[in-house]
Amino acid sequence: MSCSSGRQVQIKKDSDQNKFDNQAFELAYYLGAKNKIKGDKLKAMEYFQNAIAINKRCHACYYQMSLLSESKYEALAHIQNALLINPNYNKWYIIQLAEVYEKNEKWDKATACYELLAKMESNDNESACQFKEAAAKNAVLNKNIKKAIQIYAGYQQECGLNKSIVKGMLLCFEYLGKKEKAIQTLYLWKKQNLNPANEMLLAQTFLSYGIPEEAEELSLKVLNIQEYKGDAALLLFNIKLQQKQYDALFEYARNIIEDTQISLQQKIQVLSQYNQLISLDNKHINNLLAVSKELCYSHPQQALSWMARADIYFDLQQKDSAWKYYQKAIKLGENDLGLIHRFLDLCITLNKIEALLNCAQNMQVQYPNQVSLYIYEARAWLERRNFDKCLAITQMAQLYSVDKTSTMHVALIESRAFAEKELFQKAKENYENLLEQNPNNILVISELLRYLCAYEKNEKEAQNWNKKLSELVEDQEAPFVLYSQALYDFLRDNYEQALEKVDLALQKKQHWQYHMLKAKILNSKNLSEQSKIAEQNALNLATTEEIKTFIKDQIDNNK
């Protein structure tokens, strides 16, 4: 309600124009107005003060000084001077006085000003209602709740029911501790001939007061009106969710997703709430997936819609679908680091090495100091058996590594690359340094055991670490642990146990290295036909030409 800078206030000239220099006054006032428009408050105030010095009865100058003053006390003094000189209830002067009273926390006087303004604007219903709302709010701030209720009642009578009235009156009743009166008022409003907008408003209010049956009745009345269908469905969805009537959610969720007036964020929230039901009852899975599909059809160019769909598949352990939809979200510009990490982890799980490499490199442009992205890239080069490139990236990763976990992962990747390049001393030093910091780290011990069995062929030392690993893992059968232990059993020519462990590892994760170990074990047991099957499985899982070539070389060496 503040006066715009372009508002022109008519300057009433003093009747005795001979008592001051009219030309000098007009110049000062003009320069004040000009500097006000330019945003130079200090200069503007200086010129208005000059104008007042020439004509002390210039109420417009005092009004402008009030608008410009940063001191709420000076602003009040200036507008009061303007009204003393010109007491003819200038609307803009009263508005300024009301706003300054608010700044000075004189709520009762601000209330009176807004009530006066509402009367002055009686021919403009919209403006009058705005002033009445402001009057009621100030009455509440003044803790004159009865006065506020009185104003709100008049406001409703003249302007009709709206959100401000409902919220304001209910707040007043709650302030007085009269919740029953508030609920009674809701029922009285419900009996009125309400339009759909107010029926929705009352439905939302009934639900907030814990009366879902009334909220449901009102929502169902407007559900078939296109303009309110989405909001009604949203309210009904929340009602059924609270009542745990899950079978009714599907249609309401679809209505919400299809509605163009409901924000994407609200739709994703509904989808997330729906997703949480899966743990309660699996029969909702197909409905949930159908709604997630509809979300992406409704918002095909929004990365968040594909991300939400991917999250659902991820939670359902449908990793191929999750990977596909995360990739879609990333292509559409989603760069949330949590999503990127989830996608890159899926790339590793699903052996999608090219996608792993491309995404890690692309994200480094946006997150140049994020060590995890260099770790992912190094893993990609390791899988592609480009060990020189891998070691170059681990050196980059070391520059950004600031915590023990990332330092450990960098060192482990580096150790594998060193071992493949037959730099055994460097590889062994890395493992030993890491174990000095944490002697019971299962991942490091497993990697060391793998190294001792596959590269050094050091059965004696491997025996000690295998024993410690067995003590630490207890019933945990992570695939990387099983693989390392299978290598140890194979080193000791204990083929039956080695085969048992590698089969367990393959049940949990399909990886070409696991199949190649199985092929070696079967070949050692003279089961050549079964060994060929394992070798072919390894080739089928090869994600790059480099790995495929390496596997073929190993197969040739085993013949």
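Residues numbered from 1 in each chain as written. Predicted model: local features only at pLDDT ≥ 70, side-chain atom pairs only at ≥ 80, totals over all residues. Heavy atoms only, no water.

Moving on, we come to the packing of aromatic side chains. Tallying each qualifying case throughout the model produces 18 aromatic pairs. Between the aromatic rings of Y29 and F48, the centroid separation amounts to 5.2 Å while the plane-to-plane angle is 70°, which identifies the pairing as edge-to-face. Note that Y29 is positioned in helix α1 (residues 22–38) and F48 in helix α2 (residues 41–54), a separation of 19 residues in sequence. An identical accessibility class is assigned to Y29 and F48; each is buried. Taken together, a centroid distance of 5.8 Å and an interplanar angle of 75° make the contact between W512 and F550 edge-to-face. Of this pair, W512 sits in helix α29 (residues 512–524) while F550 sits in helix α31 (residues 545–558), placing them 38 residues apart in sequence. (Phe/Tyr/Trp six-rings, centres within 6.5 Å; stacked < 30°, edge-to-face > 60°. Helix = DSSP H or I, 4+ residues; strand = E, 2+ residues; numbered from the N terminus. Buried < 20%, exposed > 50% of the residue type's maximum accessible area, 1.4 Å probe, protein only.)

Taking 1.5 Å of rise per residue, 14 residues should cover 20 Å, and helix α28 (residues 495–508) covers 20 Å from first to last C-alpha, within 8% of that figure. Those residues of α28 not exposed but buried are A498, L499, K501, V502, A505 and L506. Axial view of α28: buried residues confined to an arc of 165°, hence all on one face. Exposed side of α28, more than 90 degrees from the buried face: E496, E500 and Q507 are the residues found there. Turning to α28, the residues buried within the fold contact α27 (479–491) and α29. (Expected span 1.5 Å × (residues − 1). Arc of directions from axis to C-beta. Contact = heavy atoms within 4.5 Å.)

Grouped together as the largest cluster of nonpolar side chains are 181 residues, with contacts concentrated most on F237, Y274 and F343. Of all hydrophobic cores here, the second largest spans 8 residues; its members include M516, L539, I547 and I551. (Core = buried A, V, L, I, M, F, W, Y, C linked by side-chain atoms within 4.5 Å.)

For the rest of this paragraph, the subject is the pattern of salt bridges. Applying the stated rule across the entire model yields 22 salt bridges. One salt bridge in this structure joins K91 and E121, with 3.8 Å as the shortest N-O distance. In this pair, K91 sits in helix α5 (residues 91–103) while E121 sits in the loop between α6 (107–120) and α7 (125–141), placing the two residues 30 residues apart along the sequence. Of the residues examined, K91 reaches a relative accessible area of 25% and is grouped as partly exposed. Residue E121 is classed as buried on the basis of its relative accessible area, which comes to 14%. (Salt bridge = Lys/Arg side-chain N within 4 Å of Asp/Glu carboxyl O.)

Any functional reading would require information that these geometric values do not contain.
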